[in-house]
Amino acid sequence: PASAQWPEPLNSALTRSNDGVSYVFDVERTSTDTGDDGETLQAYARVDPNADELKQITPAHLVDASLPGSSFRALAGVENALEDGIWCTRFAEDVPTDPDDIEIISEDEASVTYAFTPLSSEDAEGPEKKINRRTRANLTVSKDDPAVLSYTRGLTRTVTVFVVAKIRKADSEVSCSR
């Protein structure tokens, strides 16, 4: 966002041009709800947007595939990322524009990790906004040639989004490499 006042190297990592750059990224997704089926989904995948269409998403490990199609449903969020644009180049949308809402939680010679409550998209509806208010995200960027290295997010407490559904756990972890 143009109005962001992010500290360095976060600003450079989130505003850099990614024209012509393709990230290969790993995704870990976990979701547990207590809806009608109380299903827990866990999936690990490598995403390579440069690969042939059938090989862009490679499941690396899948847990709790007890229901037919649960692996496909667990990876659906990853497939949406390919359609919507690669996450590693789009995390700026989640980061608050006010530096007071961003905290440095670790730093070493090579990287800085920031923590924040992710922003909801402008067209977000009630459930997404409620989930984001109860989510904590961490974004790690490299100091040399600033770029996003990883992004994690997870619920800080249970969220009731509909009368019949409570989400007890929803975590995502993305590792990025160029």
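For the structure itself, consult the block above.
In this report, we go over the structure that sits alongside the text. (Residues numbered from 1 in each chain as written. Predicted model: local features only at pLDDT ≥ 70, side-chain atom pairs only at ≥ 80, totals over all residues. Heavy atoms only, no water.)

### Topic: a nonpolar patch on the surface
Taken together, the side chains of Phe 162, Val 163 and Val 164 present a nonpolar region at the surface, about 370 Å² in accessible area. Given a relative accessible area of 56%, Val 164 falls into the exposed group. (Patch = residues over 30% accessible without salt bridge, like charges linked within 9 Å, V, L, I, M, F, W, Y side chains within 5 Å. Areas by Shrake-Rupley, 256 points an atom, 1.4 Å probe, with all protein chains shown as cover. Salt bridge = Lys/Arg side-chain N within 4 Å of Asp/Glu carboxyl O. Buried < 20%, exposed > 50% of the residue type's maximum accessible area, 1.4 Å probe, protein only.)

### A word on the pattern of salt bridges
Under the counting rule described, the total for this entry stands at four salt bridges. The residue Glu 107 makes a salt bridge to Lys 143 at a minimum N-O spacing of 2.8 Å. Of this pair, Glu 107 sits in strand β4 (residues 103-107) while Lys 143 sits in the loop between β6 (135-142) and β7 (148-155), and the two are 36 residues apart along the sequence. (Helix = DSSP H or I, 4+ residues; strand = E, 2+ residues; numbered from the N terminus.)

### Thoughts on the nonpolar core
One finds Leu 10, Leu 14, Phe 91, Val 95 and Leu 139 to be the most contacted residues of the largest nonpolar core, which totals 21 residues. Looking at this core, the elements with two or more residues in it are α1 (10-15), β5 (111-116), β6, β7 and β9 (165-177). Beyond its immediate stretch of four places on either side in the chain, Val 95 contacts Trp 6, Leu 10, Leu 14, Ile 102, Phe 116, Leu 119 and Leu 139. Grouped together as the second largest cluster of nonpolar side chains are five residues, Leu 155, Val 159, Val 161 and Ala 165 included. (Core = buried A, V, L, I, M, F, W, Y, C linked by side-chain atoms within 4.5 Å. Contact = heavy atoms within 4.5 Å.)

### Description of the packing of aromatic side chains
Scanning the model with the defined rule gives two aromatic pairs in all. An angle of 25 degrees between the planes, with centres 4.2 Å apart, marks the rings of Phe 91 and Tyr 151 as stacked. With Phe 91 in the loop between α2 (70-84) and β4 and Tyr 151 in strand β7, this pair connects stretches of sequence that are 60 residues apart. The exposure class of Phe 91 is buried, given its relative accessible area of 5%. Here Phe 116 and Tyr 151 contribute two aromatic rings whose centre-to-centre distance is 6.4 Å and whose plane-to-plane angle is 35 degrees, an arrangement assigned as tilted. Here Phe 116, found in strand β5, pairs with Tyr 151, found in strand β7; they are 35 residues apart in sequence, far enough to count as distant. In this structure Tyr 151 comes out as buried when scored by relative accessible area, which is 3%. An aromatic cluster of three or more residues is present, and its members are Phe 91, Phe 116 and Tyr 151. (Phe/Tyr/Trp six-rings, centres within 6.5 Å; stacked < 30°, edge-to-face > 60°.)

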